[in-house]
Amino acid sequence: MTEGSVVLPEGERVGLFHYRVTAEGWLHLLQQNVRLMSLLGFWADEEWATALFLLQGEQPLLLSTAVVQGRYQAASQYFPAAQWGERMARDLWGVEAWSALDDSPALDDGSWSLAAPLSARPLPVSEGTGQPLPRCRIAPFRTAISGLLGVDYVLADGVMQQVEVQIAAGHRGVLSRLVGLTPQEAMPLVARISAGGFVAHPLAFVRALEQAENRQIDPRERDRRLILLEVERLGLHLFDLAQTAHQAGAGLMASLCDHAREHLAGLCTAHGLSRRLTDSIRLEGSSGVDAMIPFVQAVVQGVAPRLEQIRQLARLSDGRLKTIATVPTELAWDYALGGVIGRASGRYLDMRYMDEGVRTRAMGGAGRHEGDAWARSRQRLAESQEALKIMECIVADYGAESERQAMPRTDEGLGVAEGARGDVWYHVVLKEGRLASVQIRDPLVPLLAVLGSVLEGHEPEQLGLALVSLGLSPAGVAL
């Protein structure tokens with residue numbers, strides 16, 4: 001069988017983009033197609049190991065192989081971005097990846113009362129007798145970012161070397177709490193998974209459900225969602241710009257970004273939405289679709305002049321952002337880094353182009369390529385202005401019909417939303433109207449695999465600026 005230009009071994013098709021293959025077929029695909037596709041995410045449980053790939057033409061592919069006697073062939077040997085998924089699967093399910101790049105704990109900090117808590121036979125352990133993670137030189141609560149990310153390093157000649165990151169302190173058991181819920185019951189939890197995606201996460205989830213159930217949405221509700229996604233992009237870009245400016249000592253620019261974001265939040269509440277758009281995405285649509293046109297008009301009129309002020313002032317702090325936390329282009333492609341990080345490093349990939357009803361005429365061209373904090377700030381400014389144009393194009397033909405492709409109901413769906421910090425993916429399996437399985441790919445997952453190398457060579461005093469310039473939000477990974 002073939003999928004795009006990738007030749008797949010024979011397997012069973014179990015979903016629209018999902019195949020199951022033998023252990024031999026799995027290994028053959030990993031070995032033969034390593035340069036023909038990008039690995040976006042990886043997860044495993046007691047039954048199946050699954051990799052999410054992106055093929056040419058932005059075509060997704062889910063590939064699964066059976067976990068036999070608690071083991072499977074590691075994907076990270078061929079696709080290093082899989083290592084965090086393998087480590088988390090080992091902690092949660094107790095399954096082992098042969099030839100894994102890293103088999104150290106990712107979530108279990110040694111204090112868990114159960115080993116492999118999601119497995120059919122979790123092993124009770126005495127509290128505190130597990131293998132503790134190394135103590136971080138910079139504890140999670142001392143970093144400049146929102147969420148719990150610990151950083152350990154060796155100081156050599158005044159700069160950080162051998163940098164390692166930890167997310168165990170932020171683990172919340174979200175995935176286990178979602179299983180068994182109805183989609184309606186799961187929505188409030190999904191909507192709060194990460195402050196970096198109050199719209200993107202539930203939108204990807206809802207799209208996965210709609211694919212699984214072969215449900216079509218009204219074009220006006222489709223456009224309402226697209227607008228909310230752009231408003232969230234605008235707000236998060238302003239937040240990341242403000243945090244970066246603050247760490248760089250550019251207080252005036254930070255203040256302007258904060259004021260612009262607060263003005264945007266005020267417009268949201270004035271038009272019947274929550275300040276940060278929490279619970280704005282719903283399973284069955286919303287009664288407020290017609291209120292979006294005056295909302296967009298108010299956003300464009302209120303934010304556009306503020307963005308112009310910020311853009312002019314940004315030049316004054318350019319020198320302080322150059323060469324900070326540089327992500328090379330090759331690294332961005334090899335690890336499928338998305339969002340601002342990827343586009344500022346020369347990997348221009350935007351899953352919005354795959355959205356039904358997308359207004360491509362408003363979309364920008366190629367991003368930057370320098371890959372440092374300066375390039376990311378420039379990219380955020382460009383995308384903020386682009387977001388306003390996209391919203392204007394949507395309201396110009398609000399609710400326009402688009403071609404719809406009929407698909408069979410499979411009770412399995414894959415949904416994606418291009419959030420402000422990258423592409424968010426959800427894979428759901430339904431059984432008798434409840435969630436039998438949920439897997440989440442947050443854009444931070446592949447970044448964790450390279451974050452240590454990106455931070456190496458910086459002085460410890462530069463760590464805060466480096467982290468906020470990357471727009472890190474660990475909550476989407478420490479699930």
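Thresholds applied
- Residues numbered from 1 in each chain as written.
- Predicted model: local features only at pLDDT ≥ 70, side-chain atom pairs only at ≥ 80, totals over all residues.
- Heavy atoms only, no water.
- pLDDT = per-residue confidence, 0-100.
- Helix = DSSP H or I, 4+ residues; strand = E, 2+ residues; numbered from the N terminus.
- 1 Å grid on protein atoms, 1.4 Å probe; cavity = no way out; pocket = protein on both sides within 12 Å on 5 of 7 lines; lining within 4 Å.
- Points joined across faces, edges and corners; volume = space filled by probe spheres on them.
- Nonpolar A, V, L, I, M, F, W, Y, C, P; charged D, E, K, R; others polar.
- Salt bridge = Lys/Arg side-chain N within 4 Å of Asp/Glu carboxyl O.
- Buried < 20%, exposed > 50% of the residue type's maximum accessible area, 1.4 Å probe, protein only.
- Expected span 1.5 Å × (residues − 1).
- Pairing = 2+ DSSP bridges.
- Axes fitted to C-alpha atoms, helices over the stretch in contact; angles between N-to-C directions.
- Core = buried A, V, L, I, M, F, W, Y, C linked by side-chain atoms within 4.5 Å.
- Contact = heavy atoms within 4.5 Å.
- Disulfide = S-S within 2.5 Å.

A separate point is the confidence of the model for the protein chain. Looking at the protein chain as a whole, its pLDDT mean stands at 92, while 96% of the residues score no less than 70. Across the protein chain, helix α7 (residues 251-270) holds the top mean pLDDT of 98, while strand β1 (residues 2-3) sits lowest at 56.

Another aspect to go through is empty space enclosed by the protein. Within this structure, the stated rule accounts for 4 cavities of 30 Å³ or more. Considered as a void within the structure, the largest cavity measures approximately 230 Å³ in volume. Along the wall of the largest cavity there are 22 residues; nearest its centre are R421, G422, P443, L444 and G471. Across the lining of the largest cavity, the residue classes break down as 10 nonpolar, 8 polar and 4 charged. Estimates place the volume of the second largest cavity at around 90 Å³. Lining the second largest cavity are L226, L229, E230, R352, D355, G357, V358, R359, M363, I390 and I394. Of all elements in the fold, only α6 (219-247) and α12 (373-396) reach the threshold of two or more residues within the lining of the second largest cavity. If one sorts the elements of the lining of the second largest cavity by residue count, α6 sits on top with 3 residues. Per-class residue counts for the lining of the second largest cavity are 6 nonpolar, 1 polar and 4 charged.

In this structure the tally under the stated criterion is 30 salt bridges. Across the pair E262 and R275 runs a salt bridge, and its minimum N-O distance is 2.7 Å. Of the two residues, E262 is situated in helix α7 and R275 in the loop between α7 and α8 (292-314); the sequence distance between them amounts to 13 residues. The class of E262 is partly exposed, set by a relative accessible area of 38%. When salt bridges with common partners are traced through the structure, they connect E230, R233, R343, D350, R352, E383, E386 and E418 into a single cluster.

Our focus in this paragraph is helix α5 (residues 200-213). Here α5 contains 14 residues, and its C-alpha end-to-end distance of 20 Å stays within 8% of the 20 Å for a straight helix at 1.5 Å per residue. Taken across its 14 residues, α5 has 14 buried, putting it largely inside the fold. Following α5 by one or two positions, N214 has its phi on the positive side, about 55°.

The next subject is the sheet that holds strand β14 (residues 412-419). Read from one edge of the open sheet, 3 strands run β14-β15-β16, paired in antiparallel fashion. Taken across any chain shown, the strands that pair with only one partner, and hence form the sheet edges, are β14 and β16 (434-441). On average, each strand axis in the sheet is tilted by 20° relative to the strand beside it, whichever way the strands run. Relative to strand β15 (residues 422-431), β14 is paired through 8 bridges, and the arrangement is antiparallel. Looking at β15, one finds that V416 is bridged to W425.

All right, on to the sheet that holds strand β6 (residues 48-55) then. If you walk across this open sheet you meet the 5 strands as β3-β4-β7-β6-β5, and the pairing is mixed. Looking at the sheet topology across the chains shown, the edges are occupied by β3 (12-13) and β5 (38-44).

A word on the nonpolar core. Core analysis: the biggest nonpolar cluster contains 72 residues, and F42, F53, L149 and L472 have the highest contact counts within it. A total of 9 residues in this core trace back to one element, the largest contributor, which is helix α13 (residues 444-455). Not counting the four nearest positions on each side in its chain, F42 is found in contact with W26, A49, T50, A51, Y72, A75, A82, G85 and E86. V190, A208, L241 and V428 belong to the second largest nonpolar core, which has 70 residues in total.

We now examine the state of the cysteines. Following the criterion strictly, the structure yields 0 disulfides and no others. C257 takes part in no disulfide bond, and the closest cysteine sulfur, belonging to C268, lies 17 Å away.

Turning our attention to the layout of surface pockets. Considered as a void within the structure, the largest pocket measures approximately 960 Å³ in volume. For the largest pocket, the lining is made up of 29 residues, of which Q211, M354, D355, E356 and M407 are closest to its centre. Mapped by element, the contributors of at least two residues to the lining of the largest pocket are β7 (59-66), α5, α6 and β14. Split into classes, the residues belonging to the lining of the largest pocket amount to 11 nonpolar, 8 polar and 10 charged. A volume near 820 Å³ is recorded for the second largest pocket. In this structure, the second largest pocket is lined by 41 residues; those nearest its centre are W43, D45, S437, V438 and Q439. Going through the elements one at a time, β4 (18-21), β5, β6, α2 (83-93), α3 (174-178), β15 and β16 are the ones with two or more residues in the lining of the second largest pocket. Taken together, the residues that form the lining of the second largest pocket break down as 21 nonpolar, 11 polar and 9 charged.

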